[in-house]
Structure formats: structure tokens, C-alpha cells
Amino acid sequence: MINKNYCVTTTCFPIKGFLRTAIYDLPKATYEFVPNAVHDFLRLLSQKSFSQIYRNTTEENKTYLSEYFQYCLEKEYILEIPNEINKKHFPKLNLNFEFPSIISNLVIRVNKDLDFEKIKDILVSLKCFNIQLITDSTFDINKIEQYLDVIKDIGLHSIELIVAYSPGINYELLTNKYKNIAFIFIYSAPVNKFIKRHVLGLQQIFTSKNKFEITHIKSLDFFNVNITLFTESQLHNTYFNRKLFIGDKGEIKNSIESPTEFGNINNLKQPDDILKIINSIEFQKYWFIHKGIIDVCKQCEFRYMCVDNRIPLQRNEKEWYFDTECNYNPYIAKWRGEKGYKTLSECGVTSNQEGFKLNRKKINTINKELWGD
């Protein structure tokens, strides 16, 4: 074991949080939690041989080192390679994010007067292949088919529908007719249930008793590990980047949460006119505000799988923060509602316009009570 040659798998990424590490396995689209010491071991192994690491480890820590090694070998986070093969022959994965579309997602709050021929032209002009349609309770759901007929032949990858419950509507007929419908969410329904599930996660239909509202609540169910999201999140905000929202009055915004309007679709003379808006610095203000420069998030192990619709606030040229707290606390690895959960302020963490403060002594005391030594 000691004299053999090993390399760290280049498609698995240990992402270090404040309290623990999540190892993202991009090909398998999975992740696992490990102690931060495993992150440090893998980082060291990418630079040195295992024999070097073993020789420089104290006797009392060699047991832990061997445990970490065996675990990573079993999980295929590290691989044995012939001694004559240099680790340089296993280059790091290119994490540059490249995307063919100017806008990746178009979200529309529809109304009965919406000019969908213009929407179709905009989709084609922007090379946008993903669309989400949101309706309110007064909208005639039967009109959705008219809209979908207009855009059915332009090569959309996915269509999502968020619609108010209407009795007597057979939503499965919609998914049978339009195969690129990925998801239909029906709110204000009598029950919470899946009407239709698909083994690949496509063409799902879910009814919810809840009303439609914008929330900032996160959960593990919303997290995804994949190479597209991972690479995008390195230098981009995965919620605001390449997103376009058109409201029910035709207003143009970056997202439904964004306070700033950048014009109105009804005033556009040509489909390409919207490019002037999208390419403006102000419209792209949040596109590059990634988790790595936002308080708290940059110390969270979920930062490269989390799509966060909170609007970042700027403290100075290099620092950003949120004025609403996430329901996951990375300093104690607890979700709101879990036993032992505490807010950031209860942990001695402050993040606001004045600055960021962290009381490590207080956090260590809390973690000792929660998790022991």
C-alpha cells in the first residue's frame, strides 16, 4: 500500500464546508459527506505520493490516515496506477463553463393577450431551449395548448408549466401530446400527490395544496450534482445567470424576484431588440455573483449544487451577502427544524452591510455539544 502509486479521481471533487466536506461525484451524479480531514488528505495526495504523506504523518495519526485511504480507495475517489505512470498524465477536469445559448431559461407569467408568435421569435433569436410558463387562477388552462402549438416545432428541450388547479382538466393528455414537457406543477389543488411520475424524472405531474408563492426555502430534494451546474457555479450565479423573465404585463426582468424592469416586450419592434437589454451590464448584474464571494455560502459544502433565488447584496467591490438567512446552517451542519438547529446569530455569526463576523469559539462549543469531539 505504502509504496504503490495512487492518483485522485479527476471527476470527484471534495468541497470543503466549515464543518464537513461533500464529495461531488460528477459521473454518478451523487455526493457523500466526509470529515474535512478527508478533503485535506485528497488535496495532499494530488500533490504528493502516499508514501511521502505516510512518512510525514505522526504515529498517532497514521491510523486515521489509513482509514481515510481505505475509504477513498473503496469509493474510487483515488485509484491505484502503475508506478511508472506519472500523475501528470491524469490532468484536472476543465471547469470552464461554456453554453451555446444567450439565455438558457425563459420564464413567462402568461396572460390571455400574450403575443406568443413574438415569444417564439424571441426564443429562436436567443437560442433558448427551456421555457417555464406560470399562470394564475383566472387563466383559462385550455389556452395553454394554443401557446404550446406555436412553439412546438422550434426544438425546445424542456417545458415546465406552473398552473392553478382546474377540475376536469386531463394534464396527462398534455404530456402525451407535447413530449418535451418536463414537469407540470398544479397549485391550490385538493391534495398533494404525483399524478404521473417518470423513471428519468421527465413528464412529471404533481398537485399541491399550497398556493403559488416565491420562497427561499432550500432542501436536499432541490440539490443536484451534475457537471453543467458544477462548472457554471464556479464563476456564475446559477439562478440568475442567463435567465430572462417576462411578466404578465410584458415587463422584462432578469428573474421573477428581480426588482428592476428593463423595458416591455410589447414595445420591441424586432426579436433581436431584446439583445440590447440582455447584453447590458445592469441586466447581467447578478450573473457573476457566485457562491464563492457571498458570506456564509462560501463556507457551505452545498455551494456548487445549490440554486439560490435570493438576491445578493453588495457590501463592497469584493464582498456580497444576503439579508435573508438560509434554512441550512453550514457552521453546525443543521437544517431548520432539525434537533439542535440554531440560527446564525445564535452561533455568533453576523453578516450584514457593516461586515461579516464569526465567533469560532462559540461555534466550536455548540458543535462539541451537538456532535461531541
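Rules of the game
Residues numbered from 1 in each chain as written. Predicted model: local features only at pLDDT ≥ 70, side-chain atom pairs only at ≥ 80, totals over all residues. Heavy atoms only, no water. Pairing = 2+ DSSP bridges. Helix = DSSP H or I, 4+ residues; strand = E, 2+ residues; numbered from the N terminus. Axes fitted to C-alpha atoms, helices over the stretch in contact; angles between N-to-C directions. Contact = heavy atoms within 4.5 Å. Polar contact = N/O pair within 3.5 Å; in protein donor to acceptor, adjacent residues only side chain to side chain. Salt bridge = Lys/Arg side-chain N within 4 Å of Asp/Glu carboxyl O. Buried < 20%, exposed > 50% of the residue type's maximum accessible area, 1.4 Å probe, protein only. Disulfide = S-S within 2.5 Å. Phe/Tyr/Trp six-rings, centres within 6.5 Å; stacked < 30°, edge-to-face > 60°. Lys NZ or Arg CZ within 6 Å of the ring centre and 35° of its normal.

Caption draft 1: Representation of the sheet that holds strand E4 (residues 30-34). If you trace the 3 strands from one edge of the open sheet to the other, you get E2-E3-E4, paired in antiparallel fashion. In this open sheet, the two edge strands, each paired with only one partner strand, are strand E2 (12-16) and E4. Adjacent strand axes in the sheet meet at a mean angle of 25° when their direction is disregarded. Where E2 meets strand E3 (residues 21-25), 5 bridges bridge the pair, whose relative direction is antiparallel. For Cys12, the partnering residue across the bridge sits in E3 and is Asp25. The strands touched by helix H1 (residues 36-45) are E2, E3 and E4; relative to E2, the strand with the most contacts, the crossing angle is about 130°.

Caption draft 2: Molecular detail of the side chain of Asn254. Following the sequence through the fold, Asn254 ends up in the loop between strand E13 (252-253) and helix H8 (273-278). Engagement of the side chain of Asn254 in a polar contact is seen with the backbone oxygen of Phe240, the distance being 3.2 Å. Engagement of the side chain of Asn254 in a polar contact is seen with the backbone oxygen of Lys243, the distance being 2.9 Å. With residues near it in sequence (within four places) discarded, Asn254 still touches Phe240, Lys243, Leu244, Phe245, Phe262, Phe283, Tyr286 and Trp287.

Caption draft 3: Here's a closer look at the pattern of salt bridges. If you walk through the whole model with that rule in mind, you get 16 salt bridges. Between Asp40 and Lys16 there is a salt bridge, with the nearest N and O atoms lying 3.1 Å from each other. Taken together, the residues Asp40 in helix H1 and Lys16 in strand E2 connect sequence positions 24 residues apart. Overall, Asp40 belongs to the partly exposed group, its relative accessible area being 37%. Where Glu301 meets Arg20, a salt bridge forms, and the shortest distance between an N and an O atom there is 2.7 Å. Placement of Glu301 in the loop between H8 and strand E14 (313-314) and of Arg20 in the loop between E2 and E3 is noted, with a sequence separation of 281 residues between them. Taking the relative accessible area as the measure of exposure, Arg20 reaches 18% and is therefore buried. Several salt bridges share partner residues, and in doing so they unite Lys218, Lys291, Asp308 and Arg310 into one network.

Caption draft 4: How the structure looks around the state of the cysteines. Counted according to the given criterion, the structure contains 0 disulfides. With no disulfide partner, Cys297 has as its closest neighbouring cysteine sulfur the one in Cys306, 6.7 Å distant. With a relative accessible area of 8%, Cys297 lands in the buried category.

Caption draft 5: Broad picture of helix H7 (residues 227-235). When we look at burial in H7, the residues that qualify are Leu229, Phe230, Thr231, Glu232, Ser233 and Gln234. Its buried side turned inward, H7 meets E2 and E3. Measuring from the side-chain oxygen of the N-cap residue of H7 to the backbone nitrogen of Thr228 gives 3.2 Å; that N-cap residue is Asn226.

Caption draft 6: The arrangement of the sheet that holds strand E8 (residues 158-164) in detail. In spatial order, the strands read E10-E11-E9-E8-E7-E6-E12-E13; together these 8 strands make up an open sheet with mixed pairing. The two strands at the open ends of the sheet, each matched to only one other strand, are strand E10 (193-196) and E13. With 4 bridges joining them, strand E6 (residues 105-109) and strand E12 (residues 243-246) adopt parallel strand pairing. Residue Asn105 lies in a different strand from E12, and its bridge partner there is Lys243. Packing of helix H4 (residues 116-126) onto the sheet brings it into contact with E6, strand E7 (130-134) and E12, and relative to E6 it is tilted by some 165°. Where helix H5 (residues 143-151) meets the sheet, it contacts E7, E8 and strand E9 (181-187), and its direction lies at approximately 165° from that of E7.

Caption draft 7: A look at the environment of Ile265. Structurally, Ile265 can be placed in the loop between E13 and H8. Between the alpha carbons of Ile265 and Lys118 there is a distance of 8.6 Å; along the sequence they are 147 residues apart. Here Ile265 is in contact with Lys118, Ile119, Ile122, Ile246, Gly250 and Ile252, once residues within four sequence places are set aside.

Caption draft 8: Region of interest: the packing of aromatic side chains. Within this structure, the stated rule accounts for 28 aromatic pairs. Ring geometry for Tyr31 and Phe33: centres 5.6 Å apart, planes at 70°, overall edge-to-face. Since its relative accessible area comes to 24%, Tyr31 is described here as partly exposed. We note Arg310 situated over the ring of Phe322; from NZ or CZ to the ring centre the distance is 3.9 Å.

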